[in-house]
Amino acid sequence: MAKGDAAKLFLHILNGVIVVLSLALAAAAIWFFCQVKELTTLRNSNHYLLDYNVYWPQAVPWVFLIVSVIVVGVTACGFSGARNGSRTLLLVYIACLSTVAVLLVTVSVLSLVFADNKTTDDFIKDTVWDVYFQSKTDNDVASSFGNIERKLHCCGAESPRDYKNWKSEFPNSCCDVYYRGFLDPYSIECEFTNKLANERYGCSTVAAQYARITIKVLSAGAIFIAFISVIAIAIALTLTRVPARRPKEMVAQYESESKKVLL
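As the structure is a prediction and not an experimental result, all values here were calculated from the model.

**Regarding the side chain of Glu149**
- Within the fold, Glu149 resides in helix H5 (residues 139–152).
- Buried charge without a partner: Glu149 forms no salt bridge, and the closest opposite charge is Arg150, 6.9 Å away.

**Considerations on the side chain of Thr127**
- For Thr127, the location among the structural elements is in helix H4 (residues 118–135).
- Since its relative accessible area comes to 1%, Thr127 is described here as buried.
- Not counting residues within four places of it along the chain, the set of residues in contact with Thr127 comprises Leu39, Thr40, Arg43 and Tyr48.

**Observations concerning the nonpolar core**
- Residues Leu11, Phe64, Tyr93, Leu104, Tyr163 and Phe170 are the most contacted members of the largest nonpolar core, which totals 63 residues.
- Those elements giving two or more residues to this core turn out to be helix H1 (3–40), helix H2 (56–84), helix H3 (87–114), H4, H5 and helix H7 (203–240).
- Ranked by residues supplied to this core, first place goes to H7 with 16 residues.
- Excluding anything up to four places from it in sequence, Leu11 contacts Gly78, Ala82, Leu90, Tyr93, Ala232, Ile235, Ala236 and Leu239.

**Observations regarding a nonpolar patch on the surface**
- Taken together, Leu9, Phe10, Ile13, Val17, Phe224, Phe227 and Ile231 make up a surface patch of nonpolar side chains, about 630 Å² in accessible area.
- Elements with a minimum of two residues in the nonpolar patch: H1 and H7.
- For the nonpolar patch, the leading source of residues is H1, giving four residues.
- Looking at where Phe227 falls in the secondary structure, it is placed in helix H7.
- For Phe227, a relative accessible area of 52% corresponds to the exposed category.

**Quick look at the environment of Cys174**
- Topologically, Cys174 is positioned in the loop between H5 and helix H6 (195–198).
- A residue is classified by how much of its surface remains accessible, and Cys174, at 0% relative accessible area, is buried.
- Taking the C-alpha atoms as reference points, Cys174 and Arg150, separated by 24 residues in sequence, lie 6.9 Å from one another.
- If sequence neighbours within four positions are ignored, Cys174 has contacts with Glu149, Cys154, Cys155, Gly156, Tyr163, Cys190, Ala197 and Arg200.

**Focus on H4**
- End to end, H4 covers 25 Å across 18 residues, agreeing with the expected 26 Å (1.5 Å per residue, within 8%).
- Residues of H4 that are buried include every one of Thr120, Asp121, Phe123, Ile124, Thr127, Val128, Asp130, Val131, Tyr132 and Ser135, and no others.
- Structurally, the start of H4 carries an N-cap: the backbone nitrogen of Thr119 is 2.9 Å from a side-chain oxygen of Asn117.

**Focus: the UniProt feature "transmembrane region" (unreviewed entry) in the chain**
- Here, the residues flagged by UniProt with the feature "transmembrane region" (unreviewed entry) are residues 9–33, 59–79, 91–115 and 217–240.
- Span residues 59–79 is 100% helix and 0% strand, its end C-alpha atoms 31 Å apart.
- Secondary structure content for residues 91–115 is 96% helix and 0% strand, and the end C-alpha separation is 35 Å.

Reading the values: rules and limits
Residues numbered from 1 in each chain as written. Predicted model: local features only at pLDDT ≥ 70, side-chain atom pairs only at ≥ 80, totals over all residues. Heavy atoms only, no water. Helix = DSSP H or I, 4+ residues; strand = E, 2+ residues; numbered from the N terminus. Buried < 20%, exposed > 50% of the residue type's maximum accessible area, 1.4 Å probe, protein only. Lys, Arg positive; Asp, Glu negative; His and termini not counted. Salt bridge = Lys/Arg side-chain N within 4 Å of Asp/Glu carboxyl O. Contact = heavy atoms within 4.5 Å. Core = buried A, V, L, I, M, F, W, Y, C linked by side-chain atoms within 4.5 Å. Patch = residues over 30% accessible without salt bridge, like charges linked within 9 Å, V, L, I, M, F, W, Y side chains within 5 Å. Areas by Shrake-Rupley, 256 points an atom, 1.4 Å probe, with all protein chains shown as cover. Expected span 1.5 Å × (residues − 1). Polar contact = N/O pair within 3.5 Å; in protein donor to acceptor, adjacent residues only side chain to side chain. UniProt positions renumbered as here; feature names shortened; annotations may be inferred.

Laid out in structure tokens, this is it:
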């Protein structure tokens, strides 16, 4: 296998890896957006009408999703350039991928600096408290908040004791209400003495921690894609220096053929 063929194959493999990782990053960003949306749709919208601050947990998924789509588009140029051996396409690919790599690192740094901090904690906690108070008067919100408690294995806004002032016992969502196994499901009492419920964290703390972890994972994934992109850029630069193959000239084997070529 010639040097140019090996470089083309390696570039195709790297582009494939970049596409897969970018799609995974986009899927993770969409999942994060859905999780935040599930919580924010339950809050009282009147409390946020005049607030023009940037809510980073809501902005971060969009940023990573847009960057992921751009990366996938750029790799299409790389596939085409490597396949056709077009120096022009490869140069365009190198310029675009270099810009994307810088963009990926920039987005990651911005997310870690502005989103992975107390700003996210405050936003999540404020939202959870708002939803918690809404659940006192709205049964639909209470049911949805209960689903969040089950999913996150949390109880109350700040702690399980939040329910003590206005309920006779913990809601079922704070306890292992149903036993899942070979036996039929059965109810478990969820009184204020329930040890499992009392040992759970408040949903504001749990949700904030999950948001922080997700932001770190998204940032790490973007930086890893940028690292692979740098390797792909180096391979593409190597391909631009490989001379294009020229078709073999026809060699006259007999004197008559040589005369025909001269004529």
